[in-house]
Amino acid sequence: MWFFGRILLNFLLFMAFSGVFPEAFFVRNWQTALLAAVVLVIFNLLVRPLCLLLFLPLNLLTVGLFTFVINAGMLWLTSFALGDKFQFSSLTALVGISLLMSLCTTLFTKGSWQN
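Here we summarise the structure given alongside this text. Here the residue numbers are simple positions, counted from 1 along each chain's written sequence. Confidence filtering applies because this is a predicted model: local features only for residues at pLDDT of at least 70, side-chain atom pairs given and counted only at 80 or more, and all residues used for totals across whole chains, interfaces and linings. Computation of side-chain values covers all heavy atoms of the structure but excludes hydrogens and water.

Further remarks concern the nonpolar core. Inside soluble globular proteins, nonpolar side chains tend to come together where they are buried. We call a set of buried Ala, Val, Leu, Ile, Met, Phe, Trp, Tyr and Cys residues a nonpolar core when their side-chain atoms join them within 4.5 Å. Categorising residues by exposure relies on relative accessible area from a 1.4 Å probe, with only protein chains included: less than 20% of the type maximum marks a residue as buried, more than 50% marks it as exposed, and the intermediate range marks it as partly exposed. The biggest cluster of nonpolar side chains holds 28 residues, and the ones touching the most others in it are F14, F25, L75, F86 and M101. Every helix listed is a DSSP run of H or I at least four residues long, and every strand listed is a run of E at least two residues long, numbered separately from the N terminus. Secondary-structure elements contributing two or more residues to this core are α1 (2-20), β1 (25-27), α2 (30-46), α5 (66-82), β2 (86-88) and α6 (91-109). Among the elements that make up this core, the one with the highest residue count is α2 (seven residues). Any pair of residues with heavy atoms lying within 4.5 Å of one another is described as a contacting pair. Non-local contacts of M101, meaning those with residues more than four positions away in its chain, are made with N10, L13, F14, F17, L40 and L75.

Here's what the structure looks like:
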C-alpha cells in the first residue's frame with residue numbers, strides 16, 4: 001500500500017505544482033504526471049538508498065541537509081528519464097520544487113509509519 005500511496009501523493013503534488021508554478025515546472029498532462037510519479041517512486045526505492053550510502057560522509061558533515069540535494073537529484077533523474085514532457089526551467093526551480101515536495105511528503109506521511 002505504501003508504494004501506491006507514494007505514487008498518488010507524488011502525482012497530486014506534480015499536478016498541483018505544475019499549476020501553481022507554470023513558469024518553473026512543466027508537466028505535459030496528467031498521464032505524464034502519473035508516469036513521473038511512478039518513475040520517482042522507483043528511483044527513490046532503488047537509486048536513493050545507494051546515493052544516501054555513497055554520500056553518507058557528506059550528509060553527516062552537513063547534518064542531513066545534503067539529503068535535500070539527493071532528493072533534487074532524484075527529481076532531476078525523473079526529468080531526464082521523461083524528457084521534454086516533464087521538465088524544470090532551471091536548477092533553482094528544481095531545488096525549490098524538491099524542497100516543497102520534501103516538506104509536503106513529510107507533512108502528509110507523518111504519523112502513517114508510527115502506528
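So much for the structure itself; the text now carries on.
Turning our eyes to something else, we now look at α1. In an α-helix, one turn spans 3.6 residues; hence positions three or four apart end up facing the same way. Here the expected length of a helix is defined as 1.5 Å per residue gap, with one fewer gap than residues. Given a rise of 1.5 Å per residue, 19 residues ought to cover 27 Å, and the 27 Å separating the end C-alpha atoms of α1 matches this to within 8%. Buried within α1 we find I7, L9, N10, F11, L13, F14, F17 and S18. Each element contacted by the buried residues of α1 is listed here: β1, α2, α5, β2 and α6.

Between its first and last C-alpha atoms α5 spans 25 Å; for 17 residues at 1.5 Å apiece the expected length is 24 Å, and the two agree. Of the positions making up α5, those classed as buried are F66, T67, I70, N71, A72, M74, L75, T78, S79 and L82. Within two residues after α5, G83 carries a phi angle of roughly 75°, on the positive side.

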